[in-house]
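Structural characterization, general
Okay, here's what each chain looks like letter by letter:
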Amino acid sequence: MSQLDISQPVSTLDFPIAGMSCASCVGRIEKAIRAVPGVADVSANLATESARVAFDSKPDPAAVLAAVRGAGYEPAPSDTLVLDITGMTCASCVNRVEKALQAVDGVFGVSVNLATERATVDVLHGAVDRRRLVQAVEEAGYGVRAVEETDRSGDREREKDAETRALGRSTLFAAVLTAPLFILEMGSHFVPAIHTLIMNTIGMQANAHLQFVLATIVLAGPGRMFLVKGYRNLARMAPDMNSLVALGTSAAWGFSVVSTFAPQILPGGSGHIYFEAAAVIVTLILLGRYLEARAKGRTSAAIKRLVGLQPRVARVERNGELVEIAIEDVAVGDRMHVRPGERVAVDGRVVSGTSFVDESMITGEPVPVEKSEGAEVVGGTVNGAGAFLFEATRIGRDTVLAQIIAMVEAAQGSKLPIQSMVDKVTSVFVPAVMAAAALTFVVWLIFGPSPQLSFALVNAVAVLIIACPCAMGLATPTSIMVGTGRAAELGILFRKGEALQSLRGADVVAFDKTGTLTKGQPELSDLIVVDGFDEDEVLALMAGVEQHSEHPIGAAIVRAARERSLTLGQVTNFVAAPGYGVAGTIDGRAILVGAGRALLRAGVAIDALAGEAGRLADMGRSPIYAAIDGRLAAVIAIADPIKPTSRAAIDRLHALGLSVVMVTGDGEATARAVARELGIDEVAAEVLPGGKVDAIRRLRGEGRKLAFVGDGINDAPALAEADVGIAVGTGTDIAIESADVVLMSGDLNGVADAIAMSKATIRNIKQNLFWAFAYNTILIPVAAGVLYPVSGILLSPALAAGAMALSSVFVLGNALRLRRFAVRPGRHAEMERG
């Protein structure tokens, strides 16, 4: 390592790197990293497979990782840590927590979600201690309750419920004290009898003292949370929503205290009291917080329901006995008994017994699925009337249900690109509001009517209170939470929150054919025999020969014969000729099954069925001939059947204004036939597995946004390359991992449902953002008093507090409408109106 300039402050980080094999690798990596701005020095170590990087400014781990990848090497996997944040109330809090975490060396990605109250932090592998992150958040003025991503206990929910109940009690206590205070002050203004009653009983001075006592209890008790947090953040030069409330209520209360106990120091005529304003502000904001907390609880209802599907106990065979154990104690290989009506504990394979299992929570399909020996079962699904014994194959975080929950939580905690605009605004919003309030005070103090000081104070407080950016911070994350949760209930998993926004903009939907549009398993579709031959006899002889073949076409013929309960004879003299077919002898009869060229080579004329074979080929099916004892006996057709839902799904996509493309390795004629049957717009045929990515790039030409739907291992690169990759959940794990969206069932109607959900969610977010921004744009000037010169209208601080609380509740209520999103038969998914 070269000599460093120790006069400069230097921060050093270690970057694990995979793929280094020689000294030249070390040189390339050092050269790449040294080119990153801010890097003072670098030393790569071949033995430890790491690089130590010294920075002469704020470390930029993301830039170093990009440089390593650009040099052709792969950094070690990063760690993702999840922190449960307490004390956040608005979008400014989110920005402050994000900045605090981003300032920690080794952190290169942070996403804080106000609705879930969680921070997802991407850090260099092994470079950042969780305690350092906790310290950073606490130094920013917030609390942290660290959680593991796999934590499925109800502790967090119980704590949130307890916090909501405590907030409700505080609200009720504040309301009980504020009600008489409000009546004493406002009642005497609007109801002469109340004013007379006060004058004739306790008197105006005692009235002011009583209001002082009631307001002080409200501020020092239920309102203390705003004052402590608000002034603490002001002291840090990081004001937030609590700071606005603290300044507003303190100003109203302090001015009233002076007016009550030392009115002589105020200008003449300005000694009014505003104790009721301070108390009403606290009460209404507490009410808004309480309603907000309850609504937040409903936004995570989908996760709660998913977690609730997991049984808490399981009956397991241990040492020859049946014992009941906690679900956490189940091990792979345990054998478990499932009685009628019970939920399956974990994923497994049936060992004995038969039943029908309701898998609708996974697939969305309402029809129970038959389970017998060897069948796979999924944890959380509901057993029917039968009973069975199964062996656990996946437990804990590896179960399908746990993976679904993890996907939904990841999507709910993510930020959409649309959020970046909100972040930019809210980062400067609170200081701007404080400046606007100060300007309001000065303008009214100089140009306002008498008493100027009272008018200046009231309007400045109204500006501070009404501008709290709670609604801005909740607008996007609450819609994401509800939208992705509702989608999960419909069998649509958004693995990445960004897909919610990008899917709505798709112009083209491209489908893989085999296993996606079709069942992926060839079947016998046609059997045409020559006069003098019997269908069942010919099929039994063909299947008898094909049972020794490993070709998919042979397997389809054998399945067809067994479905007809035909008996297959013993084969002798079996011969397989690749590209031609198979031949053998059964009960002394010579059987030949294969393409037309196989029969022609054997001297068997195929003219009698050539026309039928051509017709079948035009329909996209594969014609196969059969000859018995040297005579043409039949032509059959093998086809990969189209899924029953494929045509309806494509029609729905057309109704949404999208173009549909099929990508397949099939020949042009077969592909065109399938496309005609399904109404597909474009076909990319004869595409080799490795060429799907090129096909996707070509289809995306001219600026079109493309979603690709696939299910196989060879679809994974195309799923990753597309703007949005949609994996059919009945496909392979690799395809699912490469996708942005997963359809848990094989029903392709889920593609249109996912697009409709994307459109509904983004529309909901835009409605929320419009309300949040329009609310502040319109009401801040009103609170400042711009309408007073022309109409005499002023907005009191109490009304400002009510309006502020209402804005957050409105945003949450609008987001909760997504819970009514439904799929209507024959139409695209939409929001129910009711």
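Residues numbered from 1 in each chain as written. Predicted model: local features only at pLDDT ≥ 70, side-chain atom pairs only at ≥ 80, totals over all residues. Heavy atoms only, no water.

**Observations concerning the sheet that holds strand S28 (residues 724–728)**
Just so we agree on the cut-off: Only strands joined by at least two bridges in the DSSP assignment are considered to pair. Labels follow the DSSP assignment, with helices taken as runs of H or I lasting at least four residues and strands as runs of E lasting at least two, numbered in each case from the N terminus. Axis lines are fitted to C-alpha atoms, over the contacting stretch for helices. Their N-to-C directions set the angle, which ranges from 0 to 180 degrees. Any two residues having at least one pair of non-hydrogen atoms within 4.5 Å are treated as being in contact.
As summarised here, the arrangement of the seven strands in space is S17-S29-S28-S27-S18-S25-S26, forming an open sheet in which the pairing is mixed. Each edge of the sheet is formed by a strand with only one pairing partner; in this case those strands are strand S17 (492–494) and strand S26 (682–684). In this sheet, neighbouring strand axes are inclined to one another by 20° on average, regardless of whether the strands run parallel or antiparallel. In this sheet, S28 lies alongside strand S27 (residues 706–710) in parallel orientation, the contact comprising four bridges. Bridge assignment links Phe708 to a residue of S28, and that residue is Gly725. Sitting on the sheet, helix H25 (residues 692–699) touches strand S18 (508–512), strand S25 (659–663), S26 and S27, and the angle it makes with S25 is about 160°.

**Digging into the nonpolar core**
Rules: Working definition of a nonpolar core: buried Ala, Val, Leu, Ile, Met, Phe, Trp, Tyr and Cys residues. They are joined through side-chain atoms within 4.5 Å. Relative accessibility under 20% of the residue-type maximum defines a buried residue, over 50% an exposed one, and the middle range a partly exposed one, all with a 1.4 Å probe and only protein chains included.
The biggest cluster of nonpolar side chains holds 134 residues, and the ones touching the most others in it are Leu101, Phe494 and Phe511. For this core, the element with the most residues is helix H28 (residues 749–784), which contributes 17 residues. Those residues in contact with Phe511, other than ones at most four positions away along the chain, are Thr516, Leu517, Ile650, Leu653, Val660, Val661, Met662, Val663, Phe708, Val709, Leu748 and Val751. Core analysis: the second largest hydrophobic core is formed by 29 residues, Ala540, Val545, Ala556 and Ala560 among them.

**A look at the UniProt feature "transmembrane region" (unreviewed entry) in the protein chain**
Quick note on the threshold: UniProt positions are given in the numbering used here, feature names are shortened, and annotations may be inferred rather than shown by experiment.
According to UniProt, the "transmembrane region" (unreviewed entry) feature falls on residues 166–184, 204–223, 244–266, 272–291, 425–447, 453–476, 769–788 and 794–816. In this annotation, residues 166–184 is assigned 100% helix and 0% strand; the end-to-end C-alpha distance for the span is 28 Å. For residues 272–291, the end-to-end C-alpha separation is 33 Å, with 85% helix and 0% strand making up the annotated structure.

**Considering helix H19 (residues 535–546)**
How we decide: Expected span of a helix, by definition, is 1.5 Å for each gap between consecutive residues, and there is one gap fewer than residues. Definition of a polar contact: a pair of N or O atoms within 3.5 Å, with one able to donate and the other able to accept a hydrogen when the atoms are protein atoms, and with sequence-neighbouring residues admitted only if both atoms are side-chain atoms.
Here H19 spans 16 Å end to end across twelve residues, near enough to the 16 Å set by a 1.5 Å rise per residue. Across the twelve residues of H19, nine count as buried, placing the element largely inside the fold. Buried within H19 we find Val538, Leu539, Ala540, Leu541, Met542, Ala543, Gly544, Val545 and Glu546. Backbone nitrogen of Asp536 and a side-chain oxygen of the N-cap are separated by 3.2 Å at the start of H19; the cap is Asp534.

**Digging into the sheet that holds strand S21 (residues 581–586)**
Spatially, the six strands line up as an open sheet ordered S19-S24-S23-S22-S21-S20, and their pairing is antiparallel. Of all strands in the sheet, those with a lone pairing partner are strand S19 (523–529) and strand S20 (571–577), marking the two edges. Neighbouring strand axes in the sheet, compared pairwise and without regard to direction, differ in orientation by 20° on average. Note that S19 and strand S24 (residues 631–639) share six bridges and pair antiparallel. Bridging across to S24, Leu524 finds its partner in Ile638. Strands S19, S20, S21, strand S22 (589–594), strand S23 (622–628) and S24 of the sheet are contacted by H19, whose axis makes an angle of about 110° with S21. Running over the sheet, helix H22 (residues 607–618) touches S19, S23 and S24 and is turned about 5° from S24.

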